Structure formats: C-alpha cells, structure tokens
Amino acid sequence: MYEVKTLKTHVFFVDKNVDDLNTYPHILQAASYLQRGELVAFPTETVYGLGANAMSTAAVENIFVAKGRPSDNPLIVHIAKAEQLHDIACDIPPVAYTLIEHFWPGPLTLVLPKKEAVSPRVTAGLNTVAVRMPNHPIALALIKASGLPIAAPSANRSGRPSPTTAKHVLDDLDGRIAAIVDGGPTGVGVESTVIDCTTSIPTILRPGGVTKEDIEQVIGVVDIDRALVEKEAVPKSPGMKYTHYAPKATLIVVNGSSTFLQQLVNKNRANGLRVGVLTTEENRHTYEADVVIPCGRRSDLRTVARQLYDVLRAFDETNVDIIYSESFPNEGMGVAIMNRLLKAAGYEQMMEK
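Residues numbered from 1 in each chain as written. Predicted model: local features only at pLDDT ≥ 70, side-chain atom pairs only at ≥ 80, totals over all residues. Heavy atoms only, no water.

- The chain has the name Threonylcarbamoyl-AMP synthase in an unreviewed UniProt entry, where Anoxybacillus flavithermus NBRC 109594 is given as its organism.
- Quoted verbatim from the Subcellular location (unreviewed entry) field of the UniProt record, the comment on the chain reads "Cytoplasm".
- Among the UniProt annotations of the chain, the heading Sequence similarities (unreviewed entry) holds the following wording: "Belongs to the SUA5 family." (UniProt positions renumbered as here; feature names shortened; annotations may be inferred.)

**A word on the overall build of the chain**
Here is step 1 of the chain: Counting its regular elements, the chain contains eleven helices and 16 strands.
Here is step 2 of the chain: Reported as C-alpha extents along the three principal axes, the dimensions of the chain are approximately 60 × 50 × 40 Å.
Here is step 3 of the chain: When burial is assessed residue by residue, the chain has 57% of its 353 residues classed as buried.
Here is step 4 of the chain: The contacts in the chain between residues at least 6 apart in sequence include a share of 69% that link residues at least 24 apart. (Helix = DSSP H or I, 4+ residues; strand = E, 2+ residues; numbered from the N terminus. Buried < 20%, exposed > 50% of the residue type's maximum accessible area, 1.4 Å probe, protein only. Contact = heavy atoms within 4.5 Å.)

**Brief notes about the UniProt feature "binding site: ATP" (unreviewed entry) in the chain**
Here is step 1 of the chain: Look at the UniProt record and you will see "binding site: ATP" (unreviewed entry) annotated at Arg69, Asn73, Thr128, Ala152, Ser154, Ser162, Arg206 and Tyr245. On the basis of their most widely separated C-alpha atoms, the annotated residues across 177 residues do not gather in one place, lying as much as 25.2 Å apart.
Here is step 2 of the chain: As for its position among the elements, Asn73 is in the loop between helix 2 (57-67) and strand 4 (76-78).
Here is step 3 of the chain: By the element assignment, Ala152 lies in the loop between strand 7 (150-151) and helix 7 (166-173).
Here is step 4 of the chain: Excluding its chain neighbours within four sequence positions, the residues that come into contact with Ala152 are Phe42, Gly49, Leu50, Gly51, Ile76 and His78.

**Some points on the sheet that holds strand 6 (residues 128-132)**
Here is step 1 of the chain: Taken together, eleven strands build an open sheet; the order of strands is 1-8-2-3-7-4-6-5-9-10-11 and the sheet is mixed. Two strands in the sheet have a free side with no partner beyond their single neighbour: strand 1 (10-13) and strand 11 (223-224).
Here is step 2 of the chain: Running over the sheet, helix 1 (residues 25-35) touches strand 1, strand 2 (40-43), strand 3 (48-53), strand 7 and strand 8 (179-182) and is turned about 145 degrees from strand 1.
Here is step 3 of the chain: Here helix 6 (residues 137-146) sits on the sheet and contacts strand 2, strand 4, strand 7 and strand 8; the angle it forms with strand 2, its principal contact strand, is near 140 degrees. (Pairing = 2+ DSSP bridges. Axes fitted to C-alpha atoms, helices over the stretch in contact; angles between N-to-C directions.)

**Focus on the UniProt feature "binding site: L-threonine" (unreviewed entry) in the chain**
Here is step 1 of the chain: Using the residue numbers shown here, the UniProt feature "binding site: L-threonine" (unreviewed entry) corresponds to Thr46, His78, Arg132 and Ser192. For this annotated set, covering 147 residues, all C-alpha atoms fall within 12.6 Å of each other, a compact arrangement in space.
Here is step 2 of the chain: As for its position among the elements, Arg132 is in strand 6.
Here is step 3 of the chain: The buried category is assigned to Arg132, whose relative accessible area is 2%.
Here is step 4 of the chain: Within the local environment of Arg132, its side chain forms a polar contact with the side chain of Glu45, the two groups lying 2.8 Å apart.
Here is step 5 of the chain: Locating Ser192 in the fold gives a position in the loop between strand 8 and strand 9 (193-196).
Here is step 6 of the chain: When neighbours within four sequence positions are excluded, Ser192 is seen to be in contact with Thr46, Ile76, Pro107, Leu108, Thr109, Arg132, Arg206, Pro207, Gly208, Gly209 and Arg340.
Here is step 7 of the chain: Reaching out from Ser192, the side chain makes a polar contact with the side chain of Thr109 at a distance of 2.8 Å. (Polar contact = N/O pair within 3.5 Å; in protein donor to acceptor, adjacent residues only side chain to side chain.)

**Focus on the pattern of salt bridges**
Here is step 1 of the chain: Going through the model one piece at a time under the given rule, you end up with 14 salt bridges.
Here is step 2 of the chain: Here Glu38 and Arg36 are joined by a salt bridge, their closest N and O atoms 3.4 Å apart.
Here is step 3 of the chain: For Glu38, a relative accessible area of 23% translates into the label partly exposed.
Here is step 4 of the chain: Of the charged contacts in the structure, one is a salt bridge between Asp172 and Arg160, with a shortest N-O distance of 3.7 Å. Here Arg160 lies in the loop between strand 7 and helix 7 and Asp172 lies in helix 7, a separation of twelve residues in the sequence. Side by side, Asp172 and Arg160 carry an identical accessibility label, which is buried.
Here is step 5 of the chain: When salt bridges with common partners are traced through the structure, they connect Arg160, Asp172, Arg313 and Asp316 into a single cluster. (Salt bridge = Lys/Arg side-chain N within 4 Å of Asp/Glu carboxyl O.)

**A short note on the sheet that holds strand 14 (residues 291-294)**
Strand pairing in a sheet relies on backbone hydrogen bonds. The paired strands run either parallel or antiparallel.
Here is step 1 of the chain: Pairing is parallel across the open sheet formed by five strands, whose spatial order is 14-13-15-12-16. Each edge of the open sheet is held by one strand with a lone partner, namely strand 14 and strand 16 (349-351). Going across the sheet, the axis of each strand differs from the next one's by a mean of 25 degrees, ignoring polarity.
Here is step 2 of the chain: Examined bridge by bridge, strand 13 (residues 275-279) and strand 15 (residues 322-326) share four bridges and lie parallel to one another. Across the sheet, residue Val275 finds its bridge partner in strand 15, namely Ile322.
Here is step 3 of the chain: In the packing of helix 9 (residues 258-270) onto the sheet, the strands contacted are strand 12 (250-255), strand 13, strand 15 and strand 16, and the crossing angle to strand 15 comes to about 175 degrees.

Written out as structure tokens, the structure reads:
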C-alpha cells in the first residue's frame, strides 16, 4: 500500500530553455523515480501532470491514492515519440494519424483501442486507452529519459482546481509524491481536448486546448459526447466523471448582465456574506464586491483559459463565502472554459430573466 504524507517531496527547478534537457541532471533524477515506480509531477503545455509508469499497475495505483482519485476514472498516457504509440494502442484508424500529424505534440488526446500491456488501472477496465504527446520540452525530455509511457492526470488533489504552477502542486501533494519538476507556469491553462477515434464519427469527450473548430478544419464533422450537454449522461473521458476544479467557496456561474450579477452580489453582502466576483480585464472595475479578480481578457479567451485555475485558487486565499463568475461564449475556447467553470460550480447557475 502506498503511504500518504510520509514522503519527502523533492522539488527540482529546471529551465525549459536549457539546450540539452535530455541529459540534464534533474531530469535524469526525476526519470529515475519514475523507473522505480514512484510519482513525479511535471509541467506540460496545459497543466502540471502527475506521472507514473503506465505499464505498472502498482505505480499507477499510487496516483489514485495520492490524489484521492476515484478508481473508475481513467488516466491519459503521455508519450514522447510516435513509436511509443504502438506499444500501448492497436488497430489505430487513419483519422487518428491525420490528427497526430496536425496536432501532436499538442493538447489533443486520442482515445484508441488499447494493447494488453497497458495497466488496467490506467484504462479503468475499458478496452480503450487515452494517449497524447505533450508540447512541452521538459515533459518530453522526462518521458524520453524514463524510457516509459507515462500515465499522468493533473497533479492536484481530486476535485481541486488543476495546477498551473509547481506551487499549486506542492500545496496539494506535498508529502504524497516523490518529486516535482518545477518548469515555471504552464501555457494553455486548461487540459487537453479528448477525442474518441473508435467511433464511426470521431467524438469529442472533453473540450480543451484544441477547439472543435480546429479539429473540424482537419477531419470534417465531429460528434460531441452526450455527457457534455446532458447532465445525467455518463461521461467516458478522463477527468469528466466527477465534480472537479472547485474552489473552497461556493461558485455560481451567472448568465446575465453585469447589472444582474451586481444585484446578486449586493443581496448576499446585505446578508453578511463575503462575496467574490470572477470577471475579465474589461470588466474589472464594473463590480463592487469584497474581492474582484480578473481572469484574462474577454477579447482573447485563450488568456481566460490560461488564468482560470490560478484565479480559482487565488479565491481560496481571500476567505470569501461565495463567488459569482461571469459566463463566456459557448464556442471556440469558450466551450472548454464554460465546461470547467460549470464543473467547478457543480453546475450551479443563475439565469437573468
């Protein structure tokens, strides 16, 4: 049994611009932990991942214990070379190769038929495996140095906002994992898009760093998993089955005008509650509340995605009782943003009539 809160968590600082990361001492040291079946958190272009040897059931089991993650929640396998794909997946359809050509390395995860060598703990008993190649020099160097495919969900306690800095990882997992490779803040800010390539029409199971529009420009029409639009449907994607990304305070997403949101703030403050507002740079001076935190620019939703988890964690330092968040357009990158916000809010919304 993996012991929790008994480990010394080592933090290795690595500059992603180092010329030869493949032989960098901290990378080699972190890779040795992975080879021994221990857990290492590392940066990707989306969020920090919590890595373990995908071929070792014992190593993968450590992830679930350290995170407190439900065991029926599958994991994504990260690879660094195209050849590794054939070690973990089989019967790969042509559409998958097209997506790989256009989007790898990058924030797109493919669901494919799995090979038996992959630990069943990775796939939660499914006959498919989720695979991606991250677009981050430290992640790629670490995977190459380990010589292993690496199973890696986000490196946070289950249910908490995903980590976009090493500090976020340390806050959640200090003493629970062997090491953290600190490569600075991540870029995209929300997790990868997950697309099922085993269906007759490829199906997006989780929106993320690659938009539906981006994918359709390459392979034509794709389907959307029912679980993304129907609350009662059972999701099939890693990271989508349970409430995630939640700050400590109650979060409510507001669909309406700034005037309507301000009225909600006023009502709760009148009842003695400390109220926070999650807004954008354009509206940061619009609201009067106990705490107002801007999250990127509405004119560039990728900046909102990049800062979302950091802002949700920032509210935890403010001791607010309730957070009202503006909503965002349900298109392009806004689809991933709204997906994460609604998950963080437990689907609590206020609609202006």
